[in-house]
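Inside the fold
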Amino acid sequence: MKKQKDKEDCAMVIIDQEICVGCGACVKDCPGSAIRLEEGKAEVFRSCIQCGHCVAVCPVDAVSIPEFDMEDVEAYREGEFSVCPEHFLRAVKFRRSVRNFKKEIPDRDVIGKILEAGRYTATAKNMQDCTFVVVREQLSEFKDLVWQEMPGIIQSLRETGPDYARAFSYFYKLWQRDKEKDTFFFNTPVFLVIASENPLDGGLAAANIENMAAAKGLGALYSGYMMRVIRENPVLQEWLGIGEKTVSCCMLLGYPDVKYRRTAPRKKADILWK
């Protein structure tokens, strides 16, 4: 009876016994050692983190995770997804932080495709805990709220981050004199906030999102300033709807109104070989 209950508890991963060929690939590749061979067939015998390795490695498509959309799973085709190392490095070298955007607002479908790169990014313990807040239609409302809250944010930062307080005070004075001088948002049409339980998860997702944005013809700017602004202000956190999660990245997104014609120079890498 207990064995049956254990199997029910592990029902988050299903292995079709009629299709399974007992090759053991899923057993060998399971990070949590939650799968074993029993009478020549693979079976899940304890709960796991649903990383999906078993789904991805099975040669006969016998594994599924009902909690997820299995229609979203794609089959591998030899050579189709390979990336030329030289092209990839060149793309990385050509990325720039964009601070000048066209007025054109990227479509929801375009932003949705870009966020797919974030959704598929690795997360600690497969938490998949990133929340992506796309401020697009209500960007003007959010900007107004940021400037409305800025005096209180500056006052708070005088205790927690005096360097930020000085910089933000200057930005606020500029904005008071000329509302077009928005040093936090520039002229971005889309503002993205990534929140997560583990800040590293959000940071990794942001890197993939930026690469996908570039592939879609968009430019991006990471905003450490806005991260600090939002972290300092519960009103902004509530407006964004991120709950108790930590703001792990803020990013401006849009079609760049500038063309970079070559890569920028960089210092030699600081590498220690041991």
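This section reports on the structure supplied with the text. Keep in mind that this is a model prediction, so the values were computed, not measured. (Residues numbered from 1 in each chain as written. Predicted model: local features only at pLDDT ≥ 70, side-chain atom pairs only at ≥ 80, totals over all residues. Heavy atoms only, no water.)

Looking only at helices and strands, the chain features 10 helices and eight strands. Relative to its length of 274 residues, the chain is extended, with a C-alpha radius of gyration of 23 Å against a globular reference of 19 Å. Each principal axis of the C-alpha atoms in the chain carries an extent, and together these give about 75 × 45 × 45 Å. Residues counted as buried form 36% of the 274 residues belonging to the chain. In the chain, 75% of the contacts between residues at least 6 apart in sequence involve partners at least 24 apart. Working note: accessible area of the chain is about 17,600 Å², and carbon and sulfur atoms make up 52% of it. (Helix = DSSP H or I, 4+ residues; strand = E, 2+ residues; numbered from the N terminus. Rg over C-alpha atoms; globule rule 2.2 N^0.38 Å. Buried < 20%, exposed > 50% of the residue type's maximum accessible area, 1.4 Å probe, protein only. Contact = heavy atoms within 4.5 Å. Areas by Shrake-Rupley, 256 points an atom, 1.4 Å probe, with all protein chains shown as cover.)

Residues spaced three or four apart along an α-helix face the same direction, because each turn holds 3.6 residues. The end-to-end C-alpha distance of helix α8 (residues 199-215) is 25 Å, a good match for the 24 Å that 17 residues give at a rise of 1.5 Å each. When α8 is considered as a whole, its buried residues turn out to be D201, G202, A205, A206, I209, E210 and A213. Angularly, the buried residues of α8 cover 165° about the axis, an arc narrow enough to put them on a single face. Residues of α8 that are exposed and point more than 90 degrees away from the buried face comprise L200 and A215. Residues of α8 that are buried in the fold lie against α5 (108-119), β5 (131-135), β6 (190-196), β7 (219-222) and β8 (246-254). Its side-chain oxygen 3.0 Å from the backbone nitrogen of L200, N198 forms the N-cap of α8. Just beyond α8, the residue with positive phi is G217, at close to 90°. (Expected span 1.5 Å × (residues − 1). Arc of directions from axis to C-beta. Polar contact = N/O pair within 3.5 Å; in protein donor to acceptor, adjacent residues only side chain to side chain.)

Note on placement: A34 falls in the loop between α2 (25-29) and β2 (35-38). C-alpha separation for the pair A34 and A62, spaced 28 residues apart in sequence, amounts to 16 Å. When neighbours within four sequence positions are excluded, A34 is seen to be in contact with E43, V44, F45, R46, S47 and C48.

Take helix α6 (residues 139-160) next. For α6, built from 22 residues, the straight-helix expectation of 32 Å at 1.5 Å per residue is missed by more than 12%, its first-to-last C-alpha distance being only 27 Å. At M150, α6 shows its maximal bend, which comes to roughly 50°, and the proline P151 appears one to four places after that position. Within the span of α6, buried status applies to L139, F142, K143, L145, V146, W147, E149, M150, I153, I154 and L157. Contact partners of the buried residues in α6: β5, α7 (162-177), β6, α9 (224-231) and α10 (234-240). (Bend = angle between axes of the 7 residues up to and from the residue.)

Strands sit in the order β5-β6-β8-β7 across an open sheet of four strands; the sheet is antiparallel. The two strands at the open ends of the sheet, each matched to only one other strand, are β5 and β7. Strand-to-strand twist of the sheet, defined as the mean angle between neighbouring strand axes without regard to direction, takes the value 25°. When β7 meets β8, the two strands line up antiparallel, connected through four bridges. What sits directly across from A220, in β8, is L253. Against the sheet, α8 makes contact with β5, β6, β7 and β8, and its axis sits at roughly 10° relative to β8, the strand it touches most. (Pairing = 2+ DSSP bridges. Axes fitted to C-alpha atoms, helices over the stretch in contact; angles between N-to-C directions.)

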